[in-house]
Amino acid sequence: MRLSAFLAASLTATALACCNAPRQSQPAVDQPPQQSAAPSSFQMPEGAGCSGAVSRYKAVIENDLSMGHVNQSVYGQIQGEISEAAAACSSGQDAKAISLVRASKARHGYPGD
């Protein structure tokens, strides 16, 4: 009985000592170079209001397709959403158009304005 009590106390002390042991730092892992999100020739369209928002979102999506960051089926879905926003914008519904762009960006994981 004494041996098992001694063994239990010894194991407990060892476990506690391990908890207080200083941790060794992990070696830094080199990250592979990331491909640029846009070619150096890419320029974001300018413009204000809904027409600017629609143009910029369209440019980003087209760039993402050309870079392979979005597949064709998602691109097609987003293009439909952009077309709906563009139609609202050209009919004078600025707030609706901007709302449609923001909703599409959120749905597909793009940051807001």
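You'll find the structure just up there.
Described in the following lines is the structure provided in the data block. Everything numeric here is computed off the predicted structure, so don't read it as measured data.

## Here we look at the nonpolar core
In terms of nonpolar packing, the biggest core is built from ten residues, these being Val54, Tyr57, Ile61, Val70, Tyr75, Ile78, Ile82, Ala85, Val101 and Tyr110. Ranked by the residues each element gives to this core, the list is headed by helix H3 (residues 72-90), at four residues. If we ignore the near neighbours within four places in the chain, the residues touching Ala85 are Val54, Ala97, Leu100 and Val101.

## A few points about helix H2 (residues 49-67)
In a regular helix each residue adds 1.5 Å, so 19 residues correspond to 27 Å; H2 covers 27 Å between its end C-alpha atoms and thus fits that length. Buried within H2 are the following residues: Cys50, Gly52, Ala53, Val54, Tyr57, Ala59, Ile61, Asn63, Asp64 and Met67. Taken together, the buried residues of H2 touch H3 and helix H4 (94-108). Gly68 occupies a position one or two residues after H2 and carries a positive phi of about 85°.

## Re the state of the cysteines
Taken as a whole and assessed by the stated rule, the structure comprises one disulfide. A sulfur-sulfur separation of 2.0 Å characterises the disulfide bridge that pairs Cys50 with Cys89. In this structure the cystine formed by Cys50 and Cys89 twists about its S-S bond by roughly 75°; its chirality is therefore right-handed. Of this pair, Cys50 sits in helix H2 while Cys89 sits in helix H3, and the two are 39 residues apart along the sequence. Taking the relative accessible area as the measure of exposure, Cys89 reaches 14% and is therefore buried.

## Topic: H4
A rise of 1.5 Å per residue sets the reference length of H4, with its 15 residues, at 21 Å; its end C-alpha atoms lie 21 Å apart and thus fit the reference within 8%. Burial in H4 covers these residues: Ala97, Val101, Ser104 and Lys105. Viewed end-on, H4 has its buried residues packed into an arc of 100°, placing them on one side of the element. More than 90 degrees from the buried face of H4, the exposed residues found are Ala95, Arg102, Ala106 and Arg107. Residues of H4 that are buried in the fold lie against H2 and H3. Following H4 by one or two positions, Gly109 adopts a phi angle in the positive range, close to 85°.

## Re the packing of H3 against H4
The relative placement of two packed helices is expressed as an angle between their axes plus a distance between the axes. Two numbers describe how H3 lies on H4: the axes approach to 7 Å, and their chain directions differ by 165°. One element, H3, and the other, H4, form an angle in the roughly antiparallel class. By crossing handedness, the relation of H3 to H4 is classed as left-handed. Residues Val74, Gln77, Ile78, Glu81, Glu84, Ala85, Ala88 and Cys89 of H3 touch H4, and the partners they reach there are Asp94, Lys96, Ala97, Leu100, Val101, Ser104, Arg107 and His108. Taken together, the residues of the contact of H3 with H4 sort by class into eight nonpolar, three polar and five charged.

## Overview of the side chain of Ser104
Relative to the elements of secondary structure, Ser104 occurs in helix H4. Look past the residues within four positions of Ser104 in its chain and what remains in contact with it is Tyr57, Ile78 and Glu81.

The rules behind these values
Residues numbered from 1 in each chain as written. Predicted model: local features only at pLDDT ≥ 70, side-chain atom pairs only at ≥ 80, totals over all residues. Heavy atoms only, no water. Core = buried A, V, L, I, M, F, W, Y, C linked by side-chain atoms within 4.5 Å. Buried < 20%, exposed > 50% of the residue type's maximum accessible area, 1.4 Å probe, protein only. Helix = DSSP H or I, 4+ residues; strand = E, 2+ residues; numbered from the N terminus. Contact = heavy atoms within 4.5 Å. Expected span 1.5 Å × (residues − 1). Disulfide = S-S within 2.5 Å. Arc of directions from axis to C-beta. Axes fitted to C-alpha atoms, helices over the stretch in contact; angles between N-to-C directions. Parallel < 35°, antiparallel > 145°, perpendicular 65-115°, else oblique. Left-handed = near helix turned anticlockwise from the far one by under 90°. Nonpolar A, V, L, I, M, F, W, Y, C, P; charged D, E, K, R; others polar.

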